[in-house]
Amino acid sequence: MLEIKNLHARVADEGTEILRGVNLTVQDGEVAAIMGPNGSGKSTLSYILAGRDDYEVTEGDIVYNGESILEMDPAERAASGVFLAFQYPLEIPGVATMTFLKTALNAQRKARGEAELMTPEFMRRVKTLAAELKIDAEMLKRPLNVGFSGGEKKRAEILQMALLEPKLCVMDETDSGLDIDALKIVSDGVNALRSEQRSFLVITHYQRLLDYIVPDKVHVLYKGRIIKSGDKDLALTLENEGYSQIIGEAA
Amino acid sequence: MSVTELRPRTPAEAALVSLAEAAGTDEDARSAAIEALRREGLPHRRIEAWHYTDLRNLIGRRLGKATGLDAPAGSACDDDVLSPLVAGSTVVDLEAPEDTSAPDGVTITASNDLADWHESPNHLDRPLDTVRLVNAAFGARVAKVAVAANTAVAAPIELRDGIGARPHAAVAATVGTASKAVFVERIEGGGSPAPASRVSHLTIGDGATVLWIIDQAKDSDAAYLGQLNVNIGANATFKLFVLNAGGSLVRQEVHAVTAGEGSEILMRGVNLLQKDQHVDVTTTLRHTFPHTTATETFRNVVTGGHGVFQGMIKVAKDAQKTDAKMACNTLLLSEDGDFSAKPELEIFADDVQCGHGATAGAINADHLFYLMSRGIPAPQAKALLVKAFVDEMVEELEVEAAIADALTGKIDAWLDHSH
């Protein structure tokens with residue numbers, strides 16, 4: 001599904017290097033967790049996967065389903081199946097949520113050469129998903145994310161993900177700002193999407209999320225490199241011992 | 001002879017006076033205005049109210065390049081001019097207002113009055129009023145529209161220039177106590193060498209509610225001077241929407257004054273600018289009674305040309321508890337365009353809430369990335385964000401769907417055309 005090879009990247013404006021040779025492979029259907037202390041480059045990695053042009057890749061490659069995606073813009077990557085669930089989903093005043101969802105879905109379908117979805121079918125899908133994620137229909141009448149609470153925004157991200165049916169879901173600290181009930185709703189939403197054809201890259205600070213979204217692999221990112229990989233037990237070790245032990249071993 | 005000519009007129013000013021003289025056969029009535037125009041000429045950048053729109057210079061350039069000055073063209077009339085902005089409106093031909101079949105409770109009559117140009121509502125202007133002076137010199141007669149008290153006028157009243165007539169018109173509208181009405185100023189048509197003009201006076205009775213829409217979509221070669229004067233009674237509501245989506249040289253003034261406590265003012269506007277345009281919106285808002293509120297927001301989309309916003313809020317000493325906010329936000333989509341914003345507050349009361357802000361910038365990169373990350377291609381994502389930026393002005397009006405849809409339809413047509 002995804003192969004990140006010796007990826008080096010820096011902030012485009014100022015040149016600060018953030019990723020310093022990331023190597024990472026995610027298999028089809030795999031849930032990979034990326035953990036790491038603050039400032040290790042986790043969010044940067046998620047932005048670079050989605051194609052944000054604030055960062056410049058200086059070395060290495062991102063190969064997605066056999067092809068490099070470095071030359072693709074964010075919309076092209078999305079149409080090919082990459083989805084980033086934002087840590088801080090943006091509020092966009094004036095853009096109606098339903099208009100946004102329909103525009104995004106049909107733009108992706110069009111890019112893939114599929115027929116546009118007609119409004120009744122679109123409405124049916126959104127309503128079903130919203131009900132599963134306990135999203136109030138009134139919320140969907142508001143402008144995109146405007147006035148949503150932190151938890152509502154995260155649920156709205158999962159709604160978008162479920163509607164757009166991506167192949168690679170990158171989730172940037174989806175647990176931040178969620179209370180335990182919301183965390184459960186969001187995790188159920190994610191787990192319902194798990195399949196042989198869909199992979200997840202779950203970025204988190206804390207092990208807590210991984211109790212609900214149980215990963216196949218856990219990778220530790222530190223100073224722009226993966227310094228340790230393991231199975232789900234690695235997350236528990238980190239929770240108990242902190243990052244310093246592993247950082248010490250890697251140094 | 002007591003009049004001293006302080007300086008020779010520029011060729012353009014002389015040409016404008018000639019055009020005014022040639023604008024009709026009723027020169028006697030207009031002679032004082034024509035004489036004042038000859039004497040005072042046009043305002044220039046050293047007159048504060050015209051600093052960003054140097055009319056002497058801009059009209060000079062216009063008349064300098066115009067050919068056939070002695071053949072003033074009538075308003076061009078394309079087919080869609082015939083259908084009103086909002087379906088079902090009462091359309092008033094300002095050249096023959098008495099021919100309108102007015103709805104119940106509304107009286108529409110012609111008069112021989114000219115706009116009174118002897119003083120300006122804007123204290124930053126010259127002692128006389130330029131827009132009204134041009135309007136009177138070119139012979140616009142005031143059409144009178146009166147809405148009786150306690151009358152809810154169902155359909156909007158659309159005020160437009162006479163077909164093929166000279167593009168100068170004047171309106172005096174009064175809305176009686178506790179009545180409701182919607183007016184649409186429809187400003188369309190082609191370029192005569194001299195600027196077209198429209199002067200309106202609106203008097204809103206106590207407890208009445210008025211929505212006034214200025215829909216300016218002049219042809220790309222047209223110059224236009226517009227002025228709306230509003231007097232807002234106690235506990236009355238005045239909503240204004242200004243859409244500038246055309247014209248070569250445009251100055252739209254709005255001068256509002258409260259005439260009682262508890263009045264509410266909501267002004268929204270959208271200026272859509274492209275290459276070769278100069279569009280100026282100048283507003284003054286005078287709070288003279290306690291407990292009045294006003295919000296004023298203009299949003300500008302600039303793909304070229306020059307835009308100007310001047311907004312003055314004046315709060316008199318007795319106008320305590322005034323709550324007035326003004327904003328001017330500009331989206332600069334090209335390096336070829338510019339926008340000048342001059343918000344001003346002048347407050348003499350000590351217990352008020354007033355604020356103003358002006359912003360200018362490009363499309364928000366975070367918003368663009370978010371939309372694109374969901375698969376929306378860049379051009380479509382940008383169009384969505386530009387539309388959102390200006391559509392909010394229509395939403396904030398909180399008017400019935402038919403009117404909101406008509407306005408967003410106009411805006412969309414411009415955006416589709418320019419992208």
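What comes next concerns the included structure. (Residues numbered from 1 in each chain as written. Chains lettered and ligands numbered in written order. Predicted model: local features only at pLDDT ≥ 70, side-chain atom pairs only at ≥ 80, totals over all residues. Heavy atoms only, no water.)

Before going further, it helps to spend a moment on the pattern of salt bridges. What the rule picks out here adds up to 40 salt bridges over all chains. The closest approach of N and O atoms between Arg124 of chain A and Glu121 of chain A, which form a salt bridge, is 3.0 Å. Taken together, the residues span about one helical turn, with Arg124 of chain A and Glu121 of chain A both in helix H4 (residues 119–132) at a distance of 3 residues. Since its relative accessible area comes to 48%, Arg124 of chain A is described here as partly exposed. The residue Arg9 of chain B makes a salt bridge to Glu13 of chain B at a minimum N-O spacing of 3.2 Å. Overall, Arg9 of chain B belongs to the buried group, its relative accessible area being 17%. In this structure, a network of salt bridges that share partners links the residues Glu158, Arg160, Arg186, Glu188, Asp215 and Lys410 of chain B. (Salt bridge = Lys/Arg side-chain N within 4 Å of Asp/Glu carboxyl O. Helix = DSSP H or I, 4+ residues; strand = E, 2+ residues; numbered from the N terminus. Buried < 20%, exposed > 50% of the residue type's maximum accessible area, 1.4 Å probe, protein only.)

Here we come to the sheet that holds strand E1 (residues 90–93) of chain B. All names here are of chain B. Reading across the sheet, the 9 strands line up as E1-E4-E6-E8-E10-E12-E14-E16-E18 and stay open at both edges, with parallel pairing between neighbours. Strand pairing shows two members of the sheet lacking a second neighbour, E1 and strand E18 (353–361), which therefore form its edges. For this sheet, the mean inter-axis angle between neighbouring strands, taken without regard to orientation, is 10°. Judged from the 10 bridges that link them, strand E14 (residues 293–302) and strand E16 (residues 323–332) form a sheet pairing that is parallel. Of the residues in E16, the one forming a bridge with Phe298 is Cys328. (Pairing = 2+ DSSP bridges. Axes fitted to C-alpha atoms, helices over the stretch in contact; angles between N-to-C directions.)

We now examine the state of the cysteines. Residue and element names in this part refer to chain B. One pass over the full model with this rule turns up 0 disulfides over all chains. Lacking any disulfide linkage, Cys354 is separated from the closest cysteine sulfur, that of Cys328, by 17 Å. A relative accessible area of 25% means that Cys354 is categorised as partly exposed. (Disulfide = S-S within 2.5 Å.)

Between chain A and chain B, the contact holds 30 residues from the first and 18 residues from the second. Here chain A and chain B share an interface that buries about 2000 Å² over both sides, 71% of which is from carbon and sulfur atoms. Considering only the surface of chain A that becomes buried against chain B, Arg52, Leu90 and Ile92 of chain A emerge as the three largest contributors, covering 24% of it. Summed over the shared surface of chain A and chain B, the number is 2 salt bridges. Salt-bridge contacts for Arg52 of chain A lead to Asp366 of chain B; the nearest nitrogen and oxygen are separated by 2.6 Å. Counting the contacts that link chain A with chain B gives 10 residue pairs in polar contact (both at pLDDT 80 or more). Those elements that provide at least two residues to the side of chain A that touches chain B are helix H1 (42–50), helix H2 (74–79), strand E6 (82–85), strand E7 (92–96), helix H3 (97–111) and helix H5 (150–164) of chain A. Tallied by class, the residues present in the side of chain A that touches chain B amount to 20 nonpolar, 6 polar and 4 charged. (Contact = heavy atoms within 4.5 Å. Buried area = accessible area lost by both parts, 1.4 Å probe. Polar contact = N/O pair within 3.5 Å; in protein donor to acceptor, adjacent residues only side chain to side chain. Nonpolar A, V, L, I, M, F, W, Y, C, P; charged D, E, K, R; others polar.)

Turning to the packing of H5 of chain A against helix H6 (residues 180–193) of chain A, a few remarks are in order. Residue and element names in this part refer to chain A. Remark: H5 packs on H6, axes separated minimally by 10 Å, with the N-to-C direction vectors making an angle of 10°. It follows that H5 is roughly parallel to H6 by the angle criterion. On H6, the residues touching Lys154, Arg155, Ile158, Met161 and Ala162 of H5 are Ile185, Val186, Gly189, Val190 and Leu193. (Parallel < 35°, antiparallel > 145°, perpendicular 65-115°, else oblique.)

Residue and element names in this part refer to chain A. Of all the 9 residues making up H1, 7 are buried; the element is thus mostly covered by neighbouring parts of the structure. For H1, the full list of buried residues reads Lys42, Thr44, Leu45, Ser46, Ile48, Leu49 and Ala50. Just downstream of H1 lies Gly51, where phi reads positive at about 100°.

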